[in-house]
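# Fold and geometry: a report
Below, each chain spelled out in residue letters.
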Amino acid sequence: MDKLEAKKQIEQLSEELNRYNYEYHVLDQPTVSDYEYDQKMKQLKDLEEQFPEFITADSPSVRVGGQPLDAFEKVQHTIPMLSLGNAFNETDLKEFDRRVREGASVEKVSYVCELKIDGLAISLRYRDGLMERGATRGDGRTGENITQNLKTIKSIPLKINETETIEVRGEAFMPKRSFLSLNEKREENGEELFANPRNAAAGSLRQLDPKIAASRNLDIFIYSVGEWEAGDIASHSERLAYLKTLGFKTNPETKVCQSIEEVIEYVKYWTEHRPELAYEIDGIVIKVDQIELQEMLGYTAKSPRWAIAYKFPAEEAVTKLIDIELSVGRTGVITPTAILEPVKVAGTTVQRASLHNEDLIREKDIRIGDKVVIKKAGDIIPEVVRVIPEERSGDLVEYRMPTECPTCGSELVRLEEEVALRCINPNCPAQLKEGLIHFVSRNAMNIDGLGEKVIRQLYDAGLVHTIADLYKLEKESLLKLERMGEKSVTNLLAGMEKSKENSLERLLFGLGVRYVGSKAAQTLSEHFGNIDALMSATMEELIEIPDIGEKVADSIVRYFEEPQVRALIAELKTLGLNMEYKGLRKEDVAEGSPFSGKTVVLTGKLEQFSRSDAKKQIEALGGKVTGSVSKSTDILIAGEDAGSKYDKAQQLGITIWDEQQLVDALSK
Ligand code: IVH
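Worth saying up front: this structure is predicted, and the values here are computed from it rather than measured. (Residues numbered from 1 in each chain as written. Predicted model: local features only at pLDDT ≥ 70, side-chain atom pairs only at ≥ 80, totals over all residues. Heavy atoms only, no water.)

## Points about the side chain of T152
Operational definition: Numbering of helices and strands runs from the N terminus; a helix is a DSSP stretch of H or I covering at least four residues, while a strand is a stretch of E covering at least two. What qualifies as a polar contact is a pair of N or O atoms within 3.5 Å, subject to a donor-acceptor requirement within protein and to the restriction that residues adjacent in sequence count only when both atoms come from side chains. Note on contacts: a residue pair qualifies if any of its non-hydrogen atoms lie within 4.5 Å across the two residues.
Considering the arrangement of structural elements, one finds T152 in the loop between α4 (147-150) and β7 (166-173). Polar contacts involving the side chain of T152 include one to the main-chain carbonyl oxygen of N149, which spans 2.5 Å. Ignoring sequence-local partners within four residues, the contact set of T152 consists of V62, R63, G65, P210, A213 and A214.

In C-alpha cells:
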C-alpha cells in the first residue's frame, strides 16, 4: 500500500471507530456489531504499526492501552477541585435553600439536581479540540496525571468540536455489573477482591499499565467545567447541555427544579429508586443553576456555597464485638478499636471500628461479647452506634482500659482536661513508628515508595529509629528485606533524595510538633523563611503571628528547646535536607505591585506566555486569576482573538489591557 492510501485509511478508520465508540458508549445506541468494531480496530492497529508517522492525535487505538509508565506525574489544578458540604435531611436542605436565597438576595432560585456518582473525581483538559490531559483530583490542588488510563475509557471523547481550551470534570466509575464480574474473575484467580465499585475504579485508574484500565470497563459522567476560556454560558444546566453537544457523557437523570420542595421530591424519588441504577450513587448533588448567582455566593475555604451534597442515610447492621484492640498513636494517645465479627454494610465487609476513647466506651457501655449496631459514617468510616443490651448474656463485664502502655509497658496517664489516655514514654516504639509514618505521609514529606507498611518493616528490622535514620538507609541493607526488589529500593531511595528538596513547611509539619498542623506549618514557614529563624523565635514573636495562638506557640518553643530535637535538626541539615521556605513570602511581594489584591481574567491568545505561565506570574505578584468576567474582575488581559469575555468586560466597564501592558506590568 502506498503512503497516501495508508494515511487516508488510517484517518478514515480512526474517525469511524471514534464514532462507533460514541454511539455505543455515550448514546447507548450501537450501530455496528462488536465483531465489526474489533475487525476495524485490528485493521487500524496493523496500519499504524506499518506507518507510525500517520497515527492521529485522536487515534482510538489508545483505547486498548499503550506502554506502561514508570510513575504518574503530578499535575496542578489551576482551579482547585473542591468538595461539597453535606446535607443529611430535609431540614439541612431547607437551611441550604435559605442561605442561598439570603446570600444572593433573591426570592426564587432554580436548582440543578444530579445523582452523586460513587466513583472518583476526574479532570479532563482539551486543547485545540484534543484531549491533552486527564488527572485525578488528588488533594484538590495537586492530582496525578493519568491521561493514558483515562483515554481507555470509551465514553471519553479524544477529540471535541471546541478549539478554546476547556477543562471538564466528572466522576469516573465502574458499573455494578462490571464490578461483580471483575470480582468473580479475581476470586477464581485467587486475587484479592475489591471492596466496592469505587475502590475498583480507583484501583484500575491507579495502575501504571494502561492495559489494565482498558480491561476494566470503566465509565464516566461529566458534571462540570473547570478551566474554560470561552465560559460564557449563563447557567449550569445549559453548560451541561453544551458539554453534551460536544460529545461528553452527561447523566440523563439530571433535573432542573424550581424550588427546594421540588428538590426534596427528587431526593425522595432517588432514595427509593437507587437500586435500579446500573451504577452506585451515594447521594444527590444540588447546585444553584444560574452562574451569576453562583458567583455571588462564592466559596468557603473548602467548598462552594452554591452547591451541597445530600447524603443517603447510612445503612446499619448488627454484629458481635469480639474484642477491643489498643493502639498507640504518634503522640502516645491510646485508641481502642472494636474487633467485629465480619459483617456487610453499605457494600463492604466491616471488621473493625474505632471506639475513640475510654469515655465513649463507658457512655455507650460497650462490652466485649456484646451484640452491636454498626453503620458507616459518611458511608465510609465504620462506627459502633449502640449496643443491644437485650441480647447481652449476664456474664459480660464492664470494659476497663489498661493502666500500662500495650507496647512499651510504661504507665499510662490521663492528662488534665483530656479524654485520652497517653503513654508518655518518648522512646515508646509504637510512637516512634507512628511518627515516622507521619513524616513520610502525603501532606508531610510525601515520599514516593515509602508508606506505612515499609516504615513498619524498616523499624521492625532495626534499620530506622529516627527520621535521620531514614536518610542514612543504604541499598544493600534494603535489598535484604522481604518484598524489596531492586526496583522498589531504587524508587525508595530516589524518593528520599527528592524529599530533601522539599520546602520547609513539609519538613516542619512532618516533624510532628504538637498542635502544628499543615496550615500552621505553612504560616510559620512563610513567616520565618527558614528553620533557624523559627528555632530562635520567642513566645512573644510567635503569638504576634496571625492564626498562631498561645497553645501552638508554647508547643513550638518547648519543642525546639529539647536538646534531642536540636541535635536532630542539625543532623538533618548535615544530611542535606532543605530548611528554607521555597514558596513566596508576603514581604517578598513588591509593595505596590500592579496586581496586588487584584482579580484578573485572561482571554484570547497570548504570544509571549502560555496561559498557565501568565497566571503563575500574576499570582506571584499578589493577583488572583479567575476564569470568568464578573463585576468583581479588576483587569481583563486580552490577547489576540479575544471573544465574548472582552465584550462582557467592556459592558461592565472593566479595565482592559493588551499583552504588552501585561509584559510591562510584570517587569516593573
Ligand atoms: S460537583 C465544587 N457533581 O462528589 C463541586 N460532584 O464532594 C464539585 N460527585 O469530589 C463537585 N457526583 O467526586 C459534583 N454530580 C456530581 C457528582 C459529584 C459525584 C463527587 C465528586 C466530588 C464529591 C463532592
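We are not done yet, so read on.
## Section: unusual backbone geometry
As a reminder of what qualifies: Burial status follows relative accessibility: with a 1.4 Å probe on protein chains alone, a residue under 20% of its type maximum counts as buried, one over 50% as exposed, and anything between as partly exposed.
With a phi angle near 55 degrees, N217 is a residue other than glycine that sits in the positive phi range. The residue N217 is located in the loop between α7 (210-214) and β8 (219-228) in this model. Overall, the relative accessible area of 43% leaves N217 in the partly exposed class.

## Notes on the packing of helix α3 (residues 90-104) against helix α9 (residues 260-273)
To be explicit about the condition: Every axis in this analysis is a line fitted to C-alpha atoms, fitted for helices over the stretch in contact. Angles between the N-to-C directions lie between 0 and 180 degrees. Crossing handedness: left-handed means the near helix sits turned counterclockwise from the far one by under a right angle, and right-handed means the same turn made clockwise. Here the nonpolar group is Ala, Val, Leu, Ile, Met, Phe, Trp, Tyr, Cys and Pro; Asp, Glu, Lys and Arg are the charged ones; every other residue, Gly included, is treated as polar.
In contact at an axis separation of 10 Å, α3 and α9 are set at 145 degrees when each is read in the N-to-C sense. Judged by the twist between their axes, the crossing of α3 over α9 is right-handed. Of α9, the residues touching α3 (which contributes E90, L93, K94 and D97) are I260, E261, I264, V267 and K268. Split by residue class, the contact of α3 with α9 holds four nonpolar, no polar and five charged.

## Observations regarding the site of the ligand
Heads up, the condition is: Only a single heavy atom is needed: when it lies within 4 Å of a molecule or strand, its residue is near that molecule or strand. Areas reported here follow the Shrake-Rupley algorithm with a probe of radius 1.4 Å; residue values treat only the protein chains shown as occluding.
Neighbouring the ligand are 13 residues; L84, E114, I117, E171 and K287 lie closest to it. Here L115 contributes a backbone N or O atom positioned 3.2 Å from a nitrogen atom of the ligand. Between a nitrogen atom of the ligand and a side-chain N or O atom of K287, the distance comes to 3.1 Å. Notes on the ligand: free accessible area 520 Å², of which the protein chains cover 87%. Broken down by element, the residue count for the shell around the ligand peaks at four residues, all from strand β3 (residues 111-117). In terms of residue class, the shell around the ligand is made up of eight nonpolar, one polar and four charged.

## Focus: the environment of E486
Within the element layout of this structure, E486 appears in helix α16 (residues 486-499). Not counting chain neighbours up to four residues away, the residues in contact with E486 comprise K475 and L479.

## Details of the nonpolar core
Operational definition: To form a nonpolar core, buried Ala, Val, Leu, Ile, Met, Phe, Trp, Tyr and Cys residues must be joined to one another through side-chain atoms within 4.5 Å.
Judged by nonpolar contacts, the single largest core of 55 residues is most densely connected at L450, L470, Y471, L524, F560 and L572. Residues in contact with Y471, not counting those within four places in the same chain, are F439, M445, I447, M496, S499, K500, L572, L575 and L577.

## Topic: the packing of aromatic side chains
Going by this rule: Two rings belonging to Phe, Tyr or Trp (six-membered ring only in the last case) form a pair when the distance between their centres is within 6.5 Å. Interplanar angles under 30 degrees mark stacking, angles over 60 mark edge-to-face geometry, and anything in between is tilted.
Under the definition given, this model contains 14 aromatic pairs. When the centroid spacing of 6.2 Å and the interplanar angle of 25 degrees are considered together, the rings of F51 and F54 count as stacked. Here F51 falls in the buried class, since its relative accessible area comes to 9%. The interplanar angle of 80 degrees and the centroid separation of 5.3 Å between the aromatic rings of Y126 and F248 together place this pair among those described as edge-to-face. One end of the pair, Y126, is in strand β4 (residues 120-127); the other, F248, is in the loop between α8 (236-245) and β9 (255-257), with 122 residues separating them in the sequence. Just as Y126 is buried, F248 falls in that class too. Of the aromatic side chains, those joined through ring pairs into one cluster are F173, F221 and Y279.

## Digging into the sheet that holds β7
Cut-off, in case you're wondering: DSSP calls a pair of strands paired once it identifies at least 2 bridges connecting them.
Taking strand neighbours across the sheet as the criterion, the four strands line up as β5-β4-β7-β8 in an open arrangement whose pairing is antiparallel. The open sheet is flanked by β5 (130-136) and β8, the only strands paired with a single partner. Shown here is a sheet whose adjacent strand axes are inclined to one another by a mean of 30 degrees, direction ignored. Contacting β7 and β8, α8 runs over the sheet at an angle of about 115 degrees to β8.

## As for the side chain of K615
As for its placement among the helices and strands, K615 is situated in helix α23 (residues 611-620). You can call K615 buried: its relative accessible area is 11%. In this structure the side chain of K615 is engaged in a polar contact, spanning 3.3 Å, whose partner is the backbone oxygen of T78. Once you skip the residues sitting within four places of it in the chain, K615 turns out to touch T78, L602 and V625.

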